[in-house]
Number of protein chains: 2
Amino acid sequence: MNFSSKLLENAVAEFAKLPGVGQKTALRLVLHLLNQDKPDVERFSHAISKLRNEIQFCRVCHNISDLQVCEICASPKRDHSLICVVEDTRDVMAIQNTDQYNGVYHVLGGLISPMDGIGPSDLQVDTLVERLKGNDVKEVIFALSATMEGDTTIFYLHKKLKDFNINISTIARGIAFGGELEYVDEVTLGRSIVTRVPYENSLSK
Amino acid sequence: MNFSSKLLENAVAEFAKLPGVGQKTALRLVLHLLNQDKPDVERFSHAISKLRNEIQFCRVCHNISDLQVCEICASPKRDHSLICVVEDTRDVMAIQNTDQYNGVYHVLGGLISPMDGIGPSDLQVDTLVERLKGNDVKEVIFALSATMEGDTTIFYLHKKLKDFNINISTIARGIAFGGELEYVDEVTLGRSIVTRVPYENSLSK
């Protein structure tokens, strides 16, 4: 693109580095910001810079937090013997929104992905093992994506954790509530027949 | 959404104000920035703030520029008797990329849109009239979107400019080069028959 201004070109180039944002979208977003009042743009720019510089991660579960120990880990109302292992903070938010889980979390910060050069040492694996040493934890639930990376990570973690005297489980896989059978992929449908559950257990509460 | 951090929530809220960016996309973008190095994020934040605070608009054509008079308006190689009226800087870039136009531009900064509360006084209309008073301009080309807003703006500007001794034209409308006839909408196809051109004029150069 032929920019009439270096300032404009720089801002567009920075926006275009974001995932899923191409040059044209970046230009549209930048021109939108140019039309906003200066204090609004300053607030936008400041929020990002402040987030990156002041963000903290919970010392216990490694979720994003404004405190040294996050609200969930600090809460006495939650079941600290139950740890749900997730990829990132989005998954914590998604599970929290279900109102079906009262345990605590452990945020890995990613999934094992040799293609992207992400190995176990890049994730919060050692800190998870450390949390299990106190004998207070009874169960670890893996709530990871049902992808190659998720399965690899579960396989690796299972090997690491199997010598501890704890239950290890994964979230159930099957057809979604409200899902129409004819649109479900074969693998999911096949596995959901093999891992069928008694009728009484299948009702949503 | 239940955010575990106020800083995170603020940054997501700011991103979600951008056009076409919802809460989920905003969260994805913010988490991407969190994974980047601090200097990279600082550069992103700085580019936006600097753009908004230091941006200038060409005194002549009102295009975005780093100088008081933009490169196009300052160039002696361009035909200053030919003014192409466009909505914003994106259109200047699009026309410049065609390499088919050697005149100068006039950037309105928007289109007349009563629904959005944008009237002629919000656009660079008076400055366009001012440019025509010097008797140097021979032709004004309207290169505006073929929408209700674009047509309204052309109608308004035509009334304003018709007393000057200049040619007024609009860019040609019709089916796109490479376009398949069966997919062209009826209005465009109908008008392109009515406004047909002699074969010799229709060849792309």
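Residues numbered from 1 in each chain as written. Chains lettered and ligands numbered in written order. Predicted model: local features only at pLDDT ≥ 70, side-chain atom pairs only at ≥ 80, totals over all residues. Heavy atoms only, no water.

Taking an unreviewed UniProt entry as the reference, chain A is identified by name as Recombination protein RecR belonging to Mucilaginibacter ginsenosidivorans. Checking UniProt for chain A, the heading Sequence similarities (unreviewed entry) contains the comment "Belongs to the RecR family." Note on chain A: under the UniProt heading Function (unreviewed entry), the record states "May play a role in DNA repair. It seems to be involved in an RecBC-independent recombinational process of DNA repair. It may act with RecF and RecO." (UniProt positions renumbered as here; feature names shortened; annotations may be inferred.)

K.L.:
Give a detailed account of the packing of helix H2 (residues 23-34) of chain A against helix H3 (residues 38-54) of chain B, specifying residues and quantitative values.
P.N.:
Here H2(A) crosses H3(B) at 50°, and the two axes come no closer than 10 Å. On the basis of the axis angle, H2(A) is oblique to H3(B). Seen from above, H2(A) lies across H3(B) with right-handed handedness. Contact residues: A:Val30, A:Leu33 and A:Leu34 in H2(A); B:Ile48, B:Leu51 and B:Arg52 in H3(B). Of the residues contributing to the contact of H2(A) with H3(B), the split by class is five nonpolar, no polar and one charged. (Axes fitted to C-alpha atoms, helices over the stretch in contact; angles between N-to-C directions. Helix = DSSP H or I, 4+ residues; strand = E, 2+ residues; numbered from the N terminus. Parallel < 35°, antiparallel > 145°, perpendicular 65-115°, else oblique. Left-handed = near helix turned anticlockwise from the far one by under 90°. Contact = heavy atoms within 4.5 Å. Nonpolar A, V, L, I, M, F, W, Y, C, P; charged D, E, K, R; others polar.)

K.L.:
Could you give me a rundown of the UniProt feature "domain: Toprim" (unreviewed entry) in chain A, with the residues and numbers involved?
P.N.:
In the UniProt entry, the feature "domain: Toprim" (unreviewed entry) is given for residues 81-176 of chain A. Measuring from the first to the last C-alpha atom of residues 81-176 of chain A gives 28 Å, for a span that is 32% helix and 20% strand.

K.L.:
So what's going on with the domain arrangement of chain A? Which residues, and what values?
P.N.:
Domain boundaries in chain A define domain 1 (6-54), domain 2 (79-171) and domain 3 (175-205). For domain 2 of chain A versus domain 3 of chain A, the distance between C-alpha centres works out to 24 Å. (Domains from an automatic or database assignment.)

K.L.:
Just give me the short version of the UniProt feature "zinc finger region: C4-type" (unreviewed entry) in chain A, but keep the residues and values in it.
P.N.:
The sites that carry the UniProt feature "zinc finger region: C4-type" (unreviewed entry) are, in the present numbering, residues 58-73 of chain A. Spanning residues 58-73 of chain A, this segment combines 19% helix with 12% strand, and its end C-alpha atoms are found 8 Å apart.

K.L.:
Explain the relation of the copies chain A and chain B to me, and be specific about the residues and the numbers.
P.N.:
A rotation about some axis, followed by a shift along it, carries one copy of the chain onto the other. Once turned by 180° and shifted 0.0 Å along the axis, chain A lies on chain B with an RMSD of 0.1 Å. Considering both components of the superposition, the chain copies are consistent with a two-fold axis. When C-alpha positions in chain A are compared against the rotation axis, the closest is assigned to A:Ser45, at 2.4 Å. Both copies contact each other with a shared surface, as 100% of the interface residues of chain A are interface residues in chain B too. (Least-squares fit on C-alpha atoms with pLDDT ≥ 70 in both.)

K.L.:
Talk me through the interface of chain A and chain B; I want residue IDs and the actual numbers.
P.N.:
In this assembly, 50 residues from chain A lie in contact with 51 residues from chain B. Together, the buried faces of chain A and chain B total about 5,000 Å²; carbon and sulfur atoms form 68% of this surface. If you sort the residues of chain A by the area they bury against chain B, A:Leu7, A:Arg52 and A:Met93 come out on top, with a joint share of 14%. Summed over the shared surface of chain A and chain B, the number is two salt bridges. Residues A:Arg43 and B:Glu14 are paired through a salt bridge, measuring 3.5 Å at the closest nitrogen-oxygen approach. Between the two partners, chain A and chain B, sit 15 residue pairs in polar contact (both at pLDDT 80 or more). Top element by residues in the side of chain A that touches chain B is helix H3 (residues 38-54) of chain A. It accounts for 15 residues. A class-by-class count of the residues in the side of chain A that touches chain B yields 23 nonpolar, 13 polar and 14 charged. (Buried area = accessible area lost by both parts, 1.4 Å probe. Salt bridge = Lys/Arg side-chain N within 4 Å of Asp/Glu carboxyl O. Polar contact = N/O pair within 3.5 Å; in protein donor to acceptor, adjacent residues only side chain to side chain.)

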